[in-house]
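Here is what each chain is made of, one letter per residue.
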Amino acid sequence: MPDSAAVSVNAEPVPSNLDYSFGLPDGPYCVSTARKTVERLLLEHHLADMAELGVLAASELLANAYLFTPGKATSLSVRWRFGVLRLTVFDEHPRHPKAAREACRARRRAALSTLDAALAASDSLCCGLGEVGGPLAGSKMWVAFSRDAARNYDRL
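These remarks concern the structure in this document. Just so it is clear, the model here is predicted, and its values are computed rather than measured.

Attention now goes to the overall build of the protein. Within the protein one finds 5 helices and 5 strands. Oriented by its inertia axes, the alpha-carbon framework of the protein measures out at about 60 × 45 × 25 Å. Looking at the protein as a whole, 42% of its 156 residues qualify as buried. Intrachain contacts of the protein at a sequence separation of at least 6 include 67% that bridge at least 24 residues. Averaging the coordinates of the 18 positive side-chain charges in the protein and doing the same for the 17 negative ones gives two points 7 Å apart.

Structure follows, in C-alpha cells:
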C-alpha cells in the first residue's frame, strides 16, 4: 500500500497546476474554441485577471499558424510557471531553403504585430517565433507575460 503522505493530489484548479496542452485540427474555426478554452482555464485556475490578454495572445498565435500553415493541425500549450503565463503554439510549417527562411520568418513576425503592440503597451515584451528542432519540422510561437502586464493591458 502506498504511503498516503507521498501521494500529492491537488483536486482544485490553482495557478500552480495550470499546465494544459491540446491539439487543434486544421482550420481557423478552431480559434474560437481555443479562445473559449483559454478563458475558461484561466478563470478556473484563479487567473481571471489574465484572461483578456491570454485570449488575445492565443488568438493571434493560432491565427498566425493557420495563416502560414493552412490545412495543418496545430497544438496549444497553456502553462503557469514562476509567476508568468506562457502560451505556446506549434504548427507544421514546412522548412524552407535557407534563402527563403528569413523572408518567411519576417512575414510571420510582421503578422504578429497586433500581439507585439499589445505586449509593448502592457510593459511586457516577450513574444517569439522559431523553428522546431529536428527531426520534427514546424514552427513554435510563444508569448509569456506576468500578472502585472495583464493588469496593465486591462487598463488600456
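The next point concerns the pattern of salt bridges. Under the definition given, this model contains 8 salt bridges. Its salt-bridge partner being R151, residue D148 comes within 3.6 Å of it at the nearest N-O pair. One end of the pair is D148 and the other is R151, both in helix α5 (residues 147-155) and 3 residues apart, which spans about a single turn. R151 gets classed as partly exposed once you look at its relative accessible area, which sits at 35%. Put simply, D49, R147, D148 and R151 are held in one network by salt bridges that share partners.

Moving on, we come to the nonpolar core. Ranked by size, the top nonpolar core spans 38 residues in total, and within it L76, L85, L87 and F145 carry the most contacts. Of all the secondary structure elements, the ones that give two or more residues to this core are α1 (30-44), α2 (51-68), β2 (74-81), β3 (84-91), α4 (113-121), β4 (127-131), β5 (139-146) and α5. Per-element accounting of this core gives the leading share, 10 residues, to α2.

The next subject is the packing of aromatic side chains. Applying the stated rule across the entire model yields 0 aromatic pairs. Above the ring of W142, the side-chain terminus of K140 is found at 5.6 Å from the ring centroid.

Buried residues of α4: L115, D116, A118 and L119, and no others. Taken down its axis, α4 places every buried residue within 165 degrees of arc, on the same side. Against the buried residues of α4 lie α2, α3 (98-111), β4, β5 and α5. Following α4 by one or two positions, D123 has its phi on the positive side, about 60 degrees.

How each quantity is defined
- Residues numbered from 1 in each chain as written.
- Predicted model: local features only at pLDDT ≥ 70, side-chain atom pairs only at ≥ 80, totals over all residues.
- Heavy atoms only, no water.
- Helix = DSSP H or I, 4+ residues; strand = E, 2+ residues; numbered from the N terminus.
- Buried < 20%, exposed > 50% of the residue type's maximum accessible area, 1.4 Å probe, protein only.
- Contact = heavy atoms within 4.5 Å.
- Lys, Arg positive; Asp, Glu negative; His and termini not counted.
- Charge placed at Lys NZ, Arg CZ, Asp CG, Glu CD.
- Salt bridge = Lys/Arg side-chain N within 4 Å of Asp/Glu carboxyl O.
- Core = buried A, V, L, I, M, F, W, Y, C linked by side-chain atoms within 4.5 Å.
- Phe/Tyr/Trp six-rings, centres within 6.5 Å; stacked < 30°, edge-to-face > 60°.
- Lys NZ or Arg CZ within 6 Å of the ring centre and 35° of its normal.
- Arc of directions from axis to C-beta.

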